[in-house]
Amino acid sequence: MTKPLDVDRKMPIVKKAVSNPYPLKESAIVKWSLITISLLYISLFLILPLISIFVTALEKGWETYVASIVHPDALAAIKLTITVALIVVPLNAVFGIAAAWLITKFTFRGKNLLVTLIDLPFAVSPVIAGLIFILLFGAQGLFGDWLFEHDIKIVFALPGIILATLFVTFPFVARELIPLMQTQGITEEEASISLGASGWKTFFYVTLPNIKWGLLYGLILCNARAIGEFGAVSVVSGHIRGETNTMPLHIEILYNEYQFTAAFAVASIMSILAILTIIIKHIASWKAKEF
Amino acid sequence: MLYLSFIVILPLSMIVVNTLSMSWGEFFETITHPRAVASYKLSFGSALAAGLINVIFGTIIAWVLIRYDFPGKKIIDGLVDLPFALPTAVAGIALTTLYAPSGWIGKFFDFKISYTPLGIVIALTFIGLPFVVRTVQPVLQNLGREVEEASASLGANRFQTFVKVILPELYPAMITGFSLAFSRSLGEYGSVVFIAGNMPMKTEITPLIIMTKLEQYDYVGATAIAVVMLVGSFIILLFINLIQWRMNRKFNY
Amino acid sequence: MGIQIKNVSKSFGSVKVLKDISVDIKSGELIALLGPSGSGKTTLLRILAGLEGLDEGTILFDGEDITNVSPKERKIGFVFQHYALFRHMNVFENVAYGLKVRPRKTRPSKKEIERKVNELLSLVKLENFQDRYPSQLSGGQRQRVALARALAVEPKVLLLDEPFGALDAKVRKELRRWLRQLHNEFHVTSIFVTHDQEEALDVADRIIVMNNGKIEQIGTPDEVYENPKSPFVYDFLGNVNIFRGRLQNGKLKQGQFEINAPHYLDSHDDAVGYARPHDILIEKEQVDNETVPAKISFIHIVGPTARIELKREDNGEYLEAELPKEQFKNLQIQKGEVVYVRPKQLKVFIPEDFSI
Ligand SMILES: Nc1ncnc2c1ncn2[C@@H]1O[C@H](COP(=O)(O)OP(=O)(O)OP(=O)(O)O)[C@@H](O)[C@H]1O
Ligand SMILES: [Mg+2]
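About the cut-offs
Residues numbered from 1 in each chain as written. Chains lettered and ligands numbered in written order. Predicted model: local features only at pLDDT ≥ 70, side-chain atom pairs only at ≥ 80, totals over all residues. Heavy atoms only, no water. Helix = DSSP H or I, 4+ residues; strand = E, 2+ residues; numbered from the N terminus. Buried < 20%, exposed > 50% of the residue type's maximum accessible area, 1.4 Å probe, protein only. Polar contact = N/O pair within 3.5 Å; in protein donor to acceptor, adjacent residues only side chain to side chain. Contact = heavy atoms within 4.5 Å. Axes fitted to C-alpha atoms, helices over the stretch in contact; angles between N-to-C directions. Parallel < 35°, antiparallel > 145°, perpendicular 65-115°, else oblique. Nonpolar A, V, L, I, M, F, W, Y, C, P; charged D, E, K, R; others polar. Pairing = 2+ DSSP bridges. Expected span 1.5 Å × (residues − 1). Near = heavy atom within 4 Å. Areas by Shrake-Rupley, 256 points an atom, 1.4 Å probe, with all protein chains shown as cover. Salt bridge = Lys/Arg side-chain N within 4 Å of Asp/Glu carboxyl O.

Q: Explanation requested: the side chain of Ser-39 of chain B in the structure shown.
A: All names here are of chain B. Relative to the helices and strands, Ser-39 resides in helix H3 (residues 34-67). Here Ser-39 falls in the buried class, since its relative accessible area comes to 1%. Of note is the side chain of Ser-39, whose polar atom sits 3.1 Å from the side chain of Thr-206. Excluding its chain neighbours within four sequence positions, the residues that come into contact with Ser-39 are Glu-204, Ile-205, Thr-206 and Ile-209.

Quick look at the structure:
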């Protein structure tokens, strides 16, 4: 009987040919031109500005650099910025999780409206964001008289800055979490509850671990914006040196007073924060993909 | 929900309340003041220009990041997020210095870039870039190779495949990216004030007009201009969504 | 167009996906490429289309080496498993695409294109669907658009990757008849990939059975079905019963059971005999040693045939027999009864030669 696999077909021509003639890729010229264009574009708009910040900041040497940063006004600005971020980020985190939870795990009337409202601050100019709080709490504002009588300062003080920052950073966490929680669905939660876990336990043991990287991602973007917000804060802060100036506002003042080195010194600190933000963001998104 | 109303709805409704306190004549006069009108044109025009530039280059960058390998790709990919992470004021002063007549880039040009509308476009381009790249990138990533191969096997060359097969798949994402960048640019303040020069009628953007009015305690006037901006960007976004909706309706399987 | 594939090998990374493949395909043949998942069918097809490079070997179309020729110059039509229709183009534009992208010199006029597309659309019975988008079509309709699109460029070779894979049984049957017709009308050489042995047996002139990156057998449907060259092919094409045993003096023996295996006169190895269910006879009495006793465990009558499942009394293995209903009735057997099973035709292989 036949020996099955011995189908002998050794053909005489054995040609070694590594072939890849295929026009599914662009020619090398096109490829490298596109890469060059991209690199050039990114250099011109992103890399050079970033480098210039550090170069200008250090133009007059380390001593000037350090002096600009430890200047009392600068330190006050740094402190204020940190305070704002420490208040705003947790508040928006809690809200973001709650909103995303509400939107993805339940159905109710007005859900679409809620989604739209969450996104609204992105569509509003930061200057307008500042303006609306002046209209509410300013001297001629809706609550102006009442606040004056009770001697409460909101606008041109820390509360105003916090409110304006809350407004502009409002969507970050929720926006990041909603799509994530949508794809995860509710089966895991249902399983957990059916096993007898309480709502809170379910949240901490099931939901939270699932969304932690997405949450981090949202928080980090929220934080970056909270630290760096300029327009909205500029409107409500009142620009009182050493008191209501955040870091970006401090930079503006220095710059407008032609203290370029000092302005860039503070800017360089913010740039380092920005770079850290990017790095953490990428780690978070990379981790998020692993799950 | 309470939080939402306190932080978002209540403040925004103030715009309406305040506008209503104005007479129609006053309102109309404020918003049609030549300085204001000039600023609308400038804000709209420069946001449009920056958006278009970003759609073209943002798509190229997304393409390069997805399809090619080259040294430093990861770093470039990360840098695209810089405008999201860098405070706008920092970006503003850096770009201004760079593109000023004596700056590293500005000195290569015979004409002024900073303190002109061109400078504004540059600042807005900086702000808008990640919006386009980050919306086009995932679409490109998920694009099946099969349609490209089908096109090649039917005799199309690479350029035809790109224009007729790949690009149409990217349009919706490009439009989304554009609309995000555009609406952000319309209201952008921090990065623009430094580079704009802020000359009335020439390089004064709309948010700056609001700012100026606020500094003069003209809250009513500021609100009127704010209404124009809000309504304007609302209409534009509606229009863009309409286009997108029409495009999507046809071919989704 | 005749196709010669000579010693083609292909690896992805360290995995060898195609191992020294050689096939000769005559002009006008309709070939089925059959094999289990991961056996390299798609890869071979893509290499023929020029969508994938190869590591070693040559491909000739009509004697001409086209190994390094780009897909657009190969005059092939490729139908993708998931159709790969252009979803932003309607049916007409999809079919017209290959004509529209031709260089100006060879591009037909607008009228000409329109005429041709309409002709193809009526051929695939989609005249009234011109303006629809792919999202508005059923799976079978999409498949026909994909075919019309591939045929529009008048290919000399038509390559189809599991063309009917995603369709339901009835539509599949209809479409494969119709593929046969188209193939004849267009005078093309066609190769289609399939998982489905019935489909391959039904329409192909010849079948290439692939396994693990190698060709197991090439032959007409009758040859591969009736005369499989390896246990793999035996197993892959249709159901099969296995009789294990040891070769001795030209006989395959196991316990009482022994049967002639005249091709292995000098072998004394363990071996396996294969018999198709319809090559199994059932007898009520034991006449000789060429039968095994088995108990009927299940009787299943489908249309004109009776399928009988049996459990061997000696070693407990299961057997399956298929016989005409008429014959089954004459036998008068019942579930639970012990009968004697005779493999009418037994094909014997020595397992060392191959892995099953
Ligand atoms: N682009 C690729 N990169 C790496 N491995 C690949 C690639 N394409 C195919 N393979 C591998 O090559 C082997 C053969 O794949 P191929 O698609 O040719 O199989 P197939 O016979 O068509 O299977 P199926 O019937 O499931 O479609 C598989 O093991 C597959 O994982
Ligand atoms: Mg396959």
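Q: Help me out: how do you make sense of the packing of helix H2 (residues 61-70) of chain A against helix H3 (residues 72-105) of chain A in this one?
A: Each pair of packed helices gets described by two things: the angle between the helix axes and the distance between those axes. Residue and element names in this part refer to chain A. Close contact between H2 and H3 brings their axes to 5 Å; oriented N to C, the two are set at 60 degrees. Taken together, the axes of H2 and H3 lie oblique to each other. Within the contact between the two elements, H2 uses Ser-68, Ile-69 and Val-70 and H3 uses Pro-72, Ala-74, Leu-75 and Ile-78. Partitioning the contact of H2 with H3 into residue classes produces 6 nonpolar, 1 polar and no charged.

Q: Sorry, what's going on with the sheet that holds strand E17 (residues 305-312) of chain C here?
A: Strand pairing within a sheet occurs via backbone hydrogen bonds; the two strands may be parallel or antiparallel. All names here are of chain C. The sheet built from 5 strands is open, its strands ordered E15-E19-E16-E17-E18 with antiparallel pairing. Since the sheet does not close on itself, it has two edges, and those belong to strand E15 (280-283) and strand E18 (318-324), each with one partner. The sheet shows a mean angle of 45 degrees between the axes of neighbouring strands, taken without regard to direction. Pairing geometry for strand E16 (residues 292-302) and strand E19 (residues 338-343), over 4 bridges, is antiparallel. Bridge pairing in E19 links Ala-294 to Val-339.

Q: What's the story with helix H5 (residues 169-186) of chain C in this structure? I'm lost.
A: Since one α-helical turn is 3.6 residues long, residues separated by three or four positions face the same way. Taking 1.5 Å of rise per residue, 18 residues should cover 26 Å, and H5 of chain C covers 26 Å from first to last C-alpha, within 8% of that figure. Positioned one or two residues after H5 of chain C, His-187 of chain C has a phi angle of 50 degrees, which is positive.

Q: What exactly am I supposed to notice about the pairing of strand E3 (residues 30-34) of chain C here?
A: A regular strand places its side chains so that they alternate between the two faces of the sheet. Residues and elements named next belong to chain C. Among the 5 residues that make up E3, 5 are buried, leaving the element largely enclosed by the rest of the structure. Here E3 shows a buried face lined by Leu-30, Ala-32 and Leu-34 and a second buried face lined by Ile-31 and Leu-33. With 5 bridges connecting them, E3 and strand E8 (residues 189-194) associate as parallel partners. When the sheet's bridge partners are listed, Leu-34 is paired in E8 with Thr-194. Pairing between E3 and strand E9 (residues 206-211): 4 bridges, direction parallel. Paired with Ala-32 across the two strands is Ile-207, which belongs to E9.

Q: What is the right way to read the site of ligand 1 from this model?
A: All names here are of chain C. Neighbouring ligand 1 are the residues Phe-12, Val-17, Pro-36, Ser-37, Gly-38, Ser-39, Gly-40, Lys-41, Thr-42, Thr-43, Glu-162 and His-195. For ligand 1, an oxygen atom lies 2.4 Å from a polar atom in the side chain of Ser-37. Burial of ligand 1 by the protein amounts to 58% of the accessible area it has alone, namely 630 Å². When grouped by side-chain class, the residues that make up the shell around ligand 1 number 3 nonpolar, 7 polar and 2 charged.

Q: When you look at the pattern of salt bridges in this model, what are you seeing that I'm missing?
A: Pairing between side chains becomes possible if they bear opposite charge and their charged atoms approach one another. Considering all chains together, one arrives at 33 salt bridges over all chains under this definition. The shortest N-O distance in the salt bridge between Arg-145 of chain B and Glu-148 of chain B comes to 3.6 Å. In this pair, Arg-145 of chain B and Glu-148 of chain B both sit in helix H8 (residues 145-153), 3 residues apart, roughly one turn of the helix. Note that Asp-202 of chain C and Arg-177 of chain C form a salt bridge whose closest N and O atoms lie 3.0 Å from each other. One end of the pair, Asp-202 of chain C, is in helix H6 (residues 197-203); the other, Arg-177 of chain C, is in helix H5, with 25 residues separating them in the sequence. For Asp-202 of chain C, a relative accessible area of 32% translates into the label partly exposed. Residue Arg-177 of chain C is classed as partly exposed on the basis of its relative accessible area, which comes to 49%. One continuous salt-bridge network, built from bridges that share partners, spans Arg-172, Lys-173, Arg-176, Arg-177, Asp-196, Glu-198, Glu-199 and Asp-202 of chain C.

Q: Looking at this structure, I do not really get the sheet that holds strand E6 (residues 76-79) of chain C. What am I missing?
A: Residue and element names in this part refer to chain C. Pairing within the open sheet is mixed, and its 6 strands lie in the order E6-E7-E8-E3-E9-E10. Both outer strands of the open sheet, E6 and strand E10 (214-219), are each paired with one neighbouring strand and no more. Strand-to-strand, the axes of this sheet are offset by a mean angle of 15 degrees, without reference to chain direction.

Q: Help me understand the side chain of Ser-68 of chain A in this model?
A: All names here are of chain A. Among the structural elements, Ser-68 can be located in helix H2. Its relative accessible area of 10% is what places Ser-68 among the buried residues. If sequence neighbours within four positions are ignored, Ser-68 has contacts with Ala-74, Ala-262 and Ala-265.

By themselves, these figures tell us nothing about what the structure is for.
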